[in-house]
Amino acid sequence: GAPVVMLIIGGYSISAAMSKFALDKFVATAILSRVRNPVLFPFVLMNLALFLSMWVSNVATPVLLYSVIQPIVRGMPATALPYVKSLILAISIGSNIGGMATPIASPQNAVALSQLRDLQEIGFLEWMAAALPQCFLMIVLAQCL
């Protein structure tokens, strides 16, 4: 229906505004540049992917974050390949989990909202209240594995 279309357009508008002013890349670079411990880097990267994919498309977030870590990865020796793989997986997992956190993170969420409208009206904050605890639990479990 029309509310779903407007929700998707609103999400893409937020994403476009963040990209136009490079706010998404600025936030990612600012946070990642402060991480000095290589053990914490995948942890921070996964959480950053989760946060960004809540507001920017969960498909666009991995592309954005990979472009941010690409200069770091290129400077690593070939023996660091397992670590590089862990960084890429951290981005992918965080983005997928973050894609569930808000109705605008993924078009499927907006479609689910429209399908649930007949059963019960669910607002943006209600969606987040239900989804965020699950997302945080999944992030913790993913980081433990």
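Note: the structure precedes this text.
Residues numbered from 1 in each chain as written. Predicted model: local features only at pLDDT ≥ 70, side-chain atom pairs only at ≥ 80, totals over all residues. Heavy atoms only, no water.

1. Thoughts on the state of the cysteines
To keep things clear, this is the line we draw: Disulfides are defined in this document as cysteine sulfur pairs within 2.5 Å.
This model, assessed by the stated rule, comprises zero disulfides. Cysteine Cys 135 shares no disulfide, and the gap to the nearest cysteine sulfur, in Cys 144, comes to 16 Å.

2. A closer look at the environment of Leu 89
The condition that has to hold: Each helix is a run of DSSP H or I of at least 4 residues and each strand a run of E of at least 2, with the numbering of both proceeding from the N terminus.
With respect to the element layout, Leu 89 can be found in helix H5 (residues 81–98). Separated by 24 residues in the primary sequence, Leu 89 and Leu 113 place their C-alpha atoms 29 Å from one another.

3. Some details on helix H4 (residues 60–74)
Note the threshold: A helix's residues, less one, multiplied by 1.5 Å, set its expected span. Two axes define the bend at a residue: one fitted to the seven residues ending there, one fitted to the seven starting there, and the bend is the angle between them. Residue burial is assigned from relative accessible area. The probe radius is 1.4 Å, only protein chains are included, and a residue is buried under 20% of its type maximum, exposed over 50%, and partly exposed in between.
Taking 1.5 Å of rise per residue, the 15 residues of H4 would be expected to cover 21 Å, and the 21 Å separating its terminal C-alpha atoms lies within 8% of that figure. Its axis deflected by about 40° at Val 68, H4 carries its strongest bend there, up to four residues before the proline Pro 71. The set of residues buried in H4 consists of Thr 61, Leu 64, Leu 65, Val 68, Ile 69 and Val 73.

4. A look at the side chain of Ser 106
To keep it simple, the criterion reads: In this description, contact between two residues means that some pair of their heavy atoms is separated by no more than 4.5 Å.
Looking at the secondary structure, you find Ser 106 in the loop between H5 and helix H6 (107–116). Setting aside chain neighbours within four positions, we find Ser 106 in contact with Asn 58 and Gly 99.

5. Describing the environment of Leu 65
Position of Leu 65 among the secondary structure elements: in helix H4. When the C-alpha atoms of Leu 65 and Leu 48 are compared, they prove to be 8.8 Å apart, with 17 residues separating the residues in sequence. Each residue touching Leu 65, except ones within four places of it in the same chain, is listed here: Ala 28, Leu 45, Leu 48, Ala 49, Leu 52 and Ile 91.

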